[in-house]
Amino acid sequence: MRKYLSVFNISFQQEFAYRLNFIMWRVRNVIQVLLVFFLWDSIFSNPERVVFGYDRAKILTYVFGILIVRAFVLSARAVDVAGEVANGDLSNYLIKPIDYFKYWFTRDISSKALNLVFAIVETVLLFLVLKPPFFLQTNPLYLLGFVISIALAIFIYFVLLFITSAIPFWMPEVAWGAQFIVIMIITEFLSGALFPIDILPQAIQNVLYLLPFPYLIFFPLQVYLGKLGAMELLKGLSISLFWAVLLWFLMKSVWGKGLKIYRAFGR
Amino acid sequence: MSGVILLKMEKAIVVNRLVKNFEITEKKPGLSGAVSSIFRPKKKTVRALKGISFTIQPGELVGFIGPNGAGKTTTLKILSGLLYPTSGFTQVLEYNPWDRKHEFLKQISLVMGQKNQLWWDLPAIETFKLTQAIYEIPQKEYEKNLSELVELLQVSKLLNVQVRGLSLGQRMRLELIAALLYKPKVLFLDEPTIGLDLVGQQKVRDFIYEYNKKTGATILLTSHNMNDLVDLARRVIVIDEGNLIFDGALEELVHRFAKEKIIKVYLSSEEDVNKMRTIGKIRKITFPLVTLVVPRTTVAVAAAEILQNFPVTDLTIEEIPVEEVIRKVFKGK
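Along each chain, the written sequence defines residue order, and numbers are assigned to residues from 1. The lettering of chains begins at A and the numbering of ligands begins at 1, in the order of writing. Note on the predicted model: pLDDT of at least 70 is required for a residue's local features to be given, and 80 or more for side-chain atom pairs to be given and counted; whole-chain, interface and lining totals, by contrast, use all residues. Values shown for side chains rest on all heavy atoms present in the structure; no hydrogens or waters enter the calculation.

Engineer: Sorry, what's going on with the pairing of strand 10 (residues 260–267) of chain B here?
Structural biologist: Regular strands show a simple pattern: their side chains alternate between the two faces of the sheet. Residue and element names in this part refer to chain B. Burial here depends on accessible area, computed with a 1.4 Å probe over protein chains only, as a share of the maximum for the residue type. Under 20% is buried, over 50% is exposed, and the range in between is partly exposed. Runs of H or I in DSSP of at least four residues are treated as helices and runs of E of at least two as strands, each being numbered from the N terminus. Across the eight residues of strand 10, six count as buried, placing the element largely inside the fold. Here strand 10 runs beside strand 12 (residues 289–295); their pairing, made up of seven bridges, is antiparallel. Residue pairing across strands places V265 opposite V290, the latter belonging to strand 12. DSSP bridges decide pairing: two strands pair if at least two such bridges lie between them. Sheet topology places strand 10 next to strand 13 (residues 312–319); seven bridges connect them, and they run antiparallel. Note that in strand 13 the partner of K264 across the bridge is T316.

Set out below in C-alpha cells:
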C-alpha cells in the first residue's frame, strides 16, 4: 500500500511541475461550462418553461454538475498509457515490482484529487458570478447513489482507457487516434457531458442505456438531481456494475494478449 | 545469509535454445503504400534469436557482443521478463522471467543507456524515494545504499536538481543509482556508456567493476565500446544474426579469430625496411617504429629473423586489438 501512496505523492508533485498546463486545462473546463451554461440559459430564459422534464434550476444544476463530475470522471492521467505502450516506456514499469494497472489508477486518483479541489473553487466562483438557481439534493439515499455511481463511472472510464490503450500493442502508430475516438467521440457525446441524454429520441435512449457511456456522466447526475425512482436507480447501478466487471475482464484478456506480442520498443 | 543462497544456487542465468520471432508489418513507401498496408498488411517474420544457449554463474561479469540487430538487447529483454519468448527455456535466479513475480523483479535490474526512468520534471531524489517505496527498501538500508552509491558515483550535488537540467553523463550516473538502490543480484546493462565522454565512460566502468566485486552481483552487459569489455569482462558471448558464435574468455576469442600477431620493431638506423616485406606484411612505418603483421604460427621465426638482420633496439610481439578482431569476425562472414 505504501508503494501506491508514494506514487500518489510523486504524481501530485508532477502535476505541479506542469503548472501552466494544468491551469490551461482548468481554463478550458471553465470556458466549456460557460458555453453550455449560456446556451441553456437562453433556451430557458422564461423561468416557467419546462423542456424534457428540466426546468431552469435543474438544467443549470446539470451544467454545474457536469463541471464537478467531469473533474472526477474524465480527468484521467491514464490517457498517457497508449503512448507508453507505443514508444516502449511501458518497459520501465514492467521490470518493477509494481502493478501497472494499480500504478496508473493511483496516478489517476491523485490527478482527480487535484482537479476536484480546483473544480470546487471554480464552481463556487462561477456560482457567485452567475447566480444560477441551484438544486441541492438532501435525500441521503440519492446522495449515496450518487457517490456509488461516480465511483463506478471512474472505474469504467479508466478501464475503457486501458482497453483502447492496448491497441498500440498491435498497431504502434495509432496511439493517439485510439484515444481520440474514446475521449472525443464517446465520452463527449454519449456520456452526457454536452447535453442531457434524455432529450434524445426514446429509441436512441433505450439503446444508449444498455451501453456503458451514459453511466459516466449522465447517470450520476440524474441520480443527484433525484430524477430517478428507486427501481431505475437500482437498474442503472446494476447495468454500470455489470459493465465495470465485463470491461475489467475484457481489459485483462486484451492486456494479457498484448503483452505477449509487446516489442518493448525504444531500442 | 545471501552467501548461503549463492552457494546453493548453481546458475544465475540459464538460457536454452531460446528462440524469438517478431511479426512485423511491411509498408511500401509513400501514401499509396500506407493505404494498402491498412487493407492488405504484408506480415513478415523476423527471426531475432535462432536458438541460443548459455549459462552464467552467480557473480560472473559477462560481456555480450554483436553488431546492431544481432539480438543482444532482445536477449536482455527476455531475461528481464519484458518480452515473451517464442520458444526455449529461460531461467534467472531460478525464476521464469516472464512470470514477472515481484520477488524476482526485486532482485534484478535492467539499465538501458538510451531509456530513462528518472522523472524528468522532478529532482532525482524524488525518483529514489519512489524506488524505495516500490522495492520496499527499509529506511536504514535505503539511506546506507544511497549514500554509498552517491559517493561512488560522485553525484551528491546533483540529487536536488531537476533532472531535465542535467547533462547526459550526470543523468546516466543517477539512472544507475535508481537501478541499484535495492541491491539487485542480477544486473542487465544495455549500452551503459553510450553517449558519454571519456571521463564519464571511465567513471561508469570503474563503478560497474566495483559493484560486481563488492556485491558479487551477476552482470550481463552489452556494449559497442570495446574498452568496456576489455576492462570489465573476463568472459564474452558473441552473437550474430540471432546465433551464438562464441562463448568463452576474451583472450580465447582473440586466439580463435586472430590468425595473425603484431610485431613492433624499433630500429636504431634507417635501414632499407623494404627488405622486411619478405618476413611479414608491413602495416605502418613511423621511423624508428615499424609495425608488421605476421601469421601466428611463424611469429617466433619472424622475430628471430628480424633480430638477426636488422639493427633492432627494441622488439615486442602483441595480439591484434580485440576491437579489430571483433570487427573481422563480423566482416568475415
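Engineer: What exactly am I supposed to notice about the sheet that holds strand 12 of chain B here?
Structural biologist: The strands making up a sheet associate through hydrogen bonds between their backbones, and the pairing can be parallel or antiparallel. Residues and elements named next belong to chain B. Strand order in the open sheet formed by four strands is 11-12-10-13, and the pairing between neighbours is antiparallel. The outermost strands of the open sheet, each flanked by one partner alone, are strand 11 (281–286) and strand 13. Within the sheet, the average angular offset between the axes of one strand and its neighbour, ignoring direction, is 20 degrees. Relative to strand 12, strand 11 runs antiparallel, the two being bridged by five bridges. Directly across from K284, in strand 12, lies its bridge partner T291. In the packing of helix 11 (residues 299–309) onto the sheet, the strands contacted are strand 10, strand 12 and strand 13, and the crossing angle to strand 13 comes to about 165 degrees. Orientation is described by axes fitted as lines to C-alpha atoms, over the contacting stretch for helices, and by angles from 0 to 180 degrees between their N-to-C directions. Residues are treated as being in contact if the distance between any of their heavy atoms lies within 4.5 Å.

Engineer: Looking at this model, I keep getting lost on the packing of helix 2 (residues 19–43) of chain A against helix 6 (residues 100–130) of chain A. Mind explaining?
Structural biologist: In a pair of packed helices, the angle between the axes and the distance between the axes together describe the arrangement. Residues and elements named next belong to chain A. Two numbers describe how helix 2 lies on helix 6: the axes approach to 11 Å, and their chain directions differ by 40 degrees. Taken as axis vectors, helix 2 and helix 6 run oblique relative to one another. The chirality of how helix 2 crosses helix 6 is right-handed. Residues F22, W25, R26, V30, V33, L34, F37 and F38 of helix 2 pack against L114, N115, F118, A119, E122, L126 and L130 of helix 6. Angular relationships are summarised with four words: roughly parallel below 35 degrees, roughly antiparallel beyond 145, roughly perpendicular across 65 to 115, and oblique for the angles in between. Each crossing is labelled by how the near helix is turned from the far one, with a counterclockwise turn of less than a right angle marking it left-handed and a clockwise turn marking it right-handed.

Engineer: I would appreciate a short explanation of the interface of chain A and chain B in the present structure.
Structural biologist: How big an interface is tends to be stated in terms of accessible area lost as the parts join. On the chain B side, the residues contacting the 32 residues of chain A number 37 residues. Here chain A packs against chain B, burying approximately 3200 Å² in sum over the two surfaces, 59% of which is carbon and sulfur. Pairing of N or O atoms within 3.5 Å defines a polar contact, subject to two protein rules: one partner must be a possible hydrogen donor and the other a possible acceptor, and residues neighboring in sequence count only if both atoms are side-chain atoms. Run the count over chain A and chain B and you get five residue pairs in polar contact (both at pLDDT 80 or more). If you list the elements that add at least two residues to the side of chain A that touches chain B, you get helix 1 (2–17), helix 5 (91–94), helix 6 and helix 12 (230–261) of chain A. Here the nonpolar group is Ala, Val, Leu, Ile, Met, Phe, Trp, Tyr, Cys and Pro; Asp, Glu, Lys and Arg are the charged ones; every other residue, Gly included, is treated as polar. Each residue belonging to the side of chain A that touches chain B can be placed in one class, and the counts come to 13 nonpolar, nine polar and ten charged. Buried area, as used here, totals the accessible surface that two parts lose on assembly, with accessibility defined by a 1.4 Å probe and the loss added over both.

Engineer: What exactly am I supposed to notice about the environment of A:I261 here?
Structural biologist: With respect to the helices and strands, the residue A:I261 is situated in helix 12. When sequence neighbours within four positions are dropped, the list of residues in contact with A:I261 reads A:F169 and A:W170.

Engineer: Sorry, what's going on with the pattern of salt bridges here?
Structural biologist: Oppositely charged side chains may form a pair once their charged atoms are brought near each other. Residue and element names in this part refer to chain B. Salt bridges are identified by distance alone: a Lys or Arg side-chain nitrogen within 4 Å of an Asp or Glu carboxyl oxygen. Tallying each qualifying case throughout the model produces 18 salt bridges over all chains. We note a salt bridge from R235 to E60, for which the minimum N-O separation is 3.0 Å. Taken together, the positions of R235 in strand 8 (residues 235–240) and E60 in the loop between strand 2 (42–56) and strand 3 (61–65) put the pair 175 residues apart, joining distant regions of the chain. The pair R235 / E60 is uniform in exposure class, with both members buried. Residues joined in a network through salt bridges with shared partners are E60, R235 and D247.

Engineer: How do you make sense of the nonpolar core when you look at a structure like this?
Structural biologist: Here is a general trend for soluble globular proteins: nonpolar side chains tend to be buried in one another's company. To qualify as a nonpolar core, a set must consist of buried Ala, Val, Leu, Ile, Met, Phe, Trp, Tyr and Cys residues joined through side-chain atoms within 4.5 Å. Within the largest apolar cluster, 169 residues are counted, with the highest numbers of intra-cluster contacts made by A:F162, A:W255, B:I13, B:F128, B:L174, B:I177 and B:F188. Looking at which element gives the most residues to this core, the answer is helix 7 (residues 140–165) of chain A, with 14 residues. When residues no more than four places from it in sequence are discounted, the contact partners of A:W255 are A:V81, A:V85, A:L90, A:Y100, A:F162, A:S165, A:A166 and A:F169. Residues B:V265, B:L267, B:V294 and B:I306 belong to the second largest nonpolar core, which totals 15 residues.

Engineer: Can you help me understand the packing of helix 1 of chain A against helix 6 of chain A in this one?
Structural biologist: Residue and element names in this part refer to chain A. Look at helix 1 against helix 6: their axes get within 8 Å of each other, and the N-to-C directions meet at 50 degrees. As the angle between them shows, helix 1 and helix 6 are arranged oblique. Crossing angle aside, the handedness with which helix 1 passes helix 6 is right-handed. On helix 6, the residues that touch Y4, V7, F8, S11, F12, Q14, E15 and F16 of helix 1 are K102, Y103, T106, R107, I109, S110, S111, A113 and L114.

Engineer: Any chance you could explain the packing of aromatic side chains here in plain terms?
Structural biologist: The geometry of two aromatic rings is summed up by the distance between their centres and the angle between their planes. Residues and elements named next belong to chain A. The rule is short: rings of Phe, Tyr and Trp, with Trp giving its six-membered ring, pair when the centres are within 6.5 Å, and they are stacked under 30 degrees, edge-to-face over 60, tilted in between. Counting across every chain of the model gives 32 aromatic pairs over all chains. Ring centres 6.4 Å apart and planes at 70 degrees place the aromatic pair F105 and F155 in the edge-to-face group. Separated by 50 residues along the polypeptide, F105 in helix 6 and F155 in helix 7 bring together distant segments of the chain. A residue is classified by how much of its surface remains accessible, and F105, at 26% relative accessible area, is partly exposed. Ring centres 6.0 Å apart and planes at 35 degrees place the aromatic pair F155 and W248 in the tilted group. Of this pair, F155 sits in helix 7 while W248 sits in helix 12, and the two are 93 residues apart along the sequence. Judged by its relative accessible area of 23%, F155 falls in the partly exposed class. When its relative accessible area of 23% is taken as the criterion, W248 is described as partly exposed.

No statement about biological role is implied by the geometric values presented.
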